[in-house]
There are 2 protein chains.
Amino acid sequence: MKYSKQKDEILKLMRSGRLDHPSAAEVFVAMKEILPDIGIATVYRNLNALSDMGFLKRLSFAGEADRYDFNLADHHHAICLGCGRVFDFDMKLDNSVEKKLAEKSGFSVVSVKYSVSGYCKKCACCK
Amino acid sequence: MKYSKQKDEILKLMRSGRLDHPSAAEVFVAMKEILPDIGIATVYRNLNALSDMGFLKRLSFAGEADRYDFNLADHHHAICLGCGRVFDFDMKLDNSVEKKLAEKSGFSVVSVKYSVSGYCKKCACCK
DNA sequence: TTGAAAAATGAGAATGATTATCTTAATTGT
DNA sequence: ACAATTAAGATAATCATTCTCATTTTTCAA
């Protein structure tokens, strides 16, 4: 057990893939079944710590609670405006942008975010 | 005066370019000089209404207050992790992505967001 | 012009996500 | 085993934003 029981179990849960791009609140309810005494602050703390350590990615979408993703592979997200589900998608981004930015304005890029919002198949049909 | 005095003045202020990608709070303080009795709720209400009407764009960045942009031209944003300033940049996105998404998963794209975070010239040097 | 209906305002309460604080419990190294 | 460190759990605090509601402003038909 490298870290605390709580941090370990949270990471294990995240890596299990049982939850689909969960928010901290969703992780909290799932963790309650594993460690019934866990507190919400511990969940936030550890999700953020694990993200800082590079084991998770923290995702933000406008007007919604942040999500956490165990998938570290380079990919992007599409969020459904109907049901709120997040879908992964792959696409190679033209990274000449960073270079141009650096050249033109001296801006040094730390991270790039590409995301899409719309309606998933299920939500699009009945809209 | 097409709309209410407040909405008109907010739009005029935004279009003046005096404020740089301001948050609602920043618009509020600037508006106080124009209409001293204006309330913060009115500012939020009208910024959002104007965005819904397509006269402004509402921008979201992780962990920060939303910003509003009068520039409707197709462009993207780079946010400085140091000073919080938002910089515009242009880039043509490969819109074949939407098509692929639609084909593969039946996801219908409403909007695409591409944004970059990092350090601006000023903040990069003293980091 | 009047006056009722509709729309928008301003003040402040409410909400929701997230972080901060603080006391206690667990872990570590000696 | 014990002092020092680290993390936990509970809860208060924060911050942006939205909601509510009483009041004011606007609209528009009679």
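Scroll up to find the structure this text is about.
Please read these numbers as outputs of a predicted model, since none were measured by experiment.

Asks: Quick question: what am I supposed to make of the overall build of chain A here?
Replies: Broken down by element type, chain A carries five helices and five strands. Its helices and strands taken in sequence order, chain A reads α-α-α-β-β-β-β-α-β-α from the N to the C terminus. Expressed as lengths along the three principal axes of its C-alpha atoms, the size of chain A is roughly 50 × 45 × 25 Å. In chain A, which comprises 127 residues, the share counted as buried stands at 40%. Of all intrachain contacts in chain A linking residues separated by at least 6 positions in sequence, the fraction that spans at least 24 positions is 43%. When the accessible surface of chain A is split by element, carbon and sulfur atoms take 52% of a total near 7300 Å².

Asks: What is the right way to look at the relation of the copies chain A and chain B in this model?
Replies: Mapping between the two copies of the chain is achieved by a rotation about an axis and a shift along the axis. Mapping chain A onto chain B calls for a screw motion: a turn of 180 degrees about the axis and a shift of 0.0 Å along it, with 0.1 Å RMSD after fitting. Read as a symmetry element, the transformation amounts to a two-fold axis. Across chain A, the smallest distance between a C-alpha and the rotation axis is recorded for Y114 of chain A, namely 2.2 Å. Interface overlap between copies is the fraction of interface residues in one copy that are interface residues in the other; for chain A against chain B it reaches 100%, indicating a shared surface.

Asks: Please explain the protein's contact with DNA strand D as it appears in this structure.
Replies: Close contacts around DNA strand D come from 16 residues, with S4, T42 and R45 of chain A together with Y44 and D66 of chain B the closest. Near-protein atoms of DNA strand D (within 4 Å) split between backbone and bases, with sugar and phosphate holding 70%. At a separation of 2.8 Å, a phosphate oxygen of DNA strand D approaches a polar side-chain atom of Y44 of chain B. When residues of the surface near DNA strand D are traced back to their parent elements, those giving at least two are α3 (40–52) of chain A together with α3 (40–52) of chain B.

Asks: Help me understand the layout of surface pockets in this model?
Replies: Any empty space left between atoms is shown by rolling a water-sized probe over those atoms. Considered as a void within the structure, the second largest pocket measures approximately 400 Å³ in volume. Every residue lining the second largest pocket is counted, 19 residues in all, and those nearest its centre are D88 and F89 of chain A together with K100, L101 and K104 of chain B. Counting residues per element, the ones that place at least two in the lining of the second largest pocket are β4 (86–89) and α5 (121–125) of chain A together with α4 (96–105) of chain B. If one sorts the elements of the lining of the second largest pocket by residue count, α4 of chain B sits on top with six residues. Class assignment for the residues of the lining of the second largest pocket results in eight nonpolar, two polar and nine charged.

Asks: Please explain the interface of chain A and chain B as it appears in this structure.
Replies: Note: interface size is frequently given as the accessible area lost on complex formation between the parts. Each partner contributes residues to the interface: chain A has 30 residues there, and chain B has 30 residues. Counting the surface lost from both chain A and chain B, the interface buries some 2300 Å², and carbon and sulfur atoms represent 66% of this. Of all residues in chain A, the largest losses of buried area upon contact with chain B belong to V97, F107 and Y114 of chain A, amounting jointly to 23% of the total for that side. At the junction of chain A with chain B, the criterion picks out zero salt bridges. Counting every contact that joins chain A to chain B gives eight residue pairs in polar contact (both at pLDDT 80 or more). Elements supplying a minimum of two residues to the side of chain A that touches chain B: β3 (76–80), β4, α4 (96–105), β5 (108–119) and α5 of chain A. Examining the composition of the side of chain A that touches chain B, we find that twelve residues originate from one element, β5 of chain A, more than from any other. Residue composition of the side of chain A that touches chain B, by class: 20 nonpolar, eight polar and two charged. Bridge count between β5 of chain A and strand β5 (residues 108–119) of chain B: eleven bridges; the pairing is antiparallel. Each residue of the ladder has a partner; that of S111 of chain A, found in β5 of chain B, is S117 of chain B.

Criteria and cut-off values
Starting from 1, residues in each chain are numbered consecutively following that chain's sequence as written. Chains carry letters from A onward and ligands carry numbers from 1 onward, assigned in written order. Owing to the predicted nature of the model, reporting of local features is limited to residues with pLDDT of at least 70; listing and counting of side-chain atom pairs is limited to 80 or more, with chain, interface and lining totals taken over all residues. Computation of side-chain values: all heavy atoms of the structure, hydrogens and water removed. Numbering of helices and strands starts at the N terminus; helices are DSSP runs of H or I of at least 4 residues and strands are runs of E of at least 2. Here the term buried applies to any residue with accessible area under 20% of the maximum for its type, exposed to any over 50%, and partly exposed to those in between, with areas from a 1.4 Å probe on protein chains only. It only takes one pair of heavy atoms within 4.5 Å for two residues to be counted as in contact. The Shrake-Rupley method, run with a 1.4 Å probe, gives the accessible areas here. Residue values count only the displayed protein chains as cover. Only residues with pLDDT of at least 70 in both copies count here: their C-alpha atoms drive the least-squares fit that superposes the copies. Here a residue is near a molecule or strand as soon as one of its heavy atoms is found within 4 Å of it. Counted as a polar contact is a pair of N or O atoms within 3.5 Å, where, for protein atoms, one must be capable of donating a hydrogen and the other of accepting one, and residues adjacent in sequence contribute only when both atoms are in side chains. Cavity: a set of points on a 1 Å grid over the protein atoms alone where a 1.4 Å probe fits but cannot get out. Pocket: an open set with protein on both sides within 12 Å along at least five of seven lines, its lining residues, like those of a cavity, having an atom within 4 Å of a point. Grid points are joined across faces, edges and corners, and a volume is the space filled by probe spheres set on the points. Nonpolar residues are Ala, Val, Leu, Ile, Met, Phe, Trp, Tyr, Cys and Pro. Charged residues are Asp, Glu, Lys and Arg, and all others, Gly as well, are polar. A 1.4 Å probe defines the accessible area here, and the buried area is the portion of it lost by two parts on being joined, summed over both. The rule for a salt bridge is simple: a side-chain nitrogen of Lys or Arg has to be within 4 Å of a carboxyl oxygen of Asp or Glu. Whether two strands pair depends on DSSP finding at least two bridges between them.

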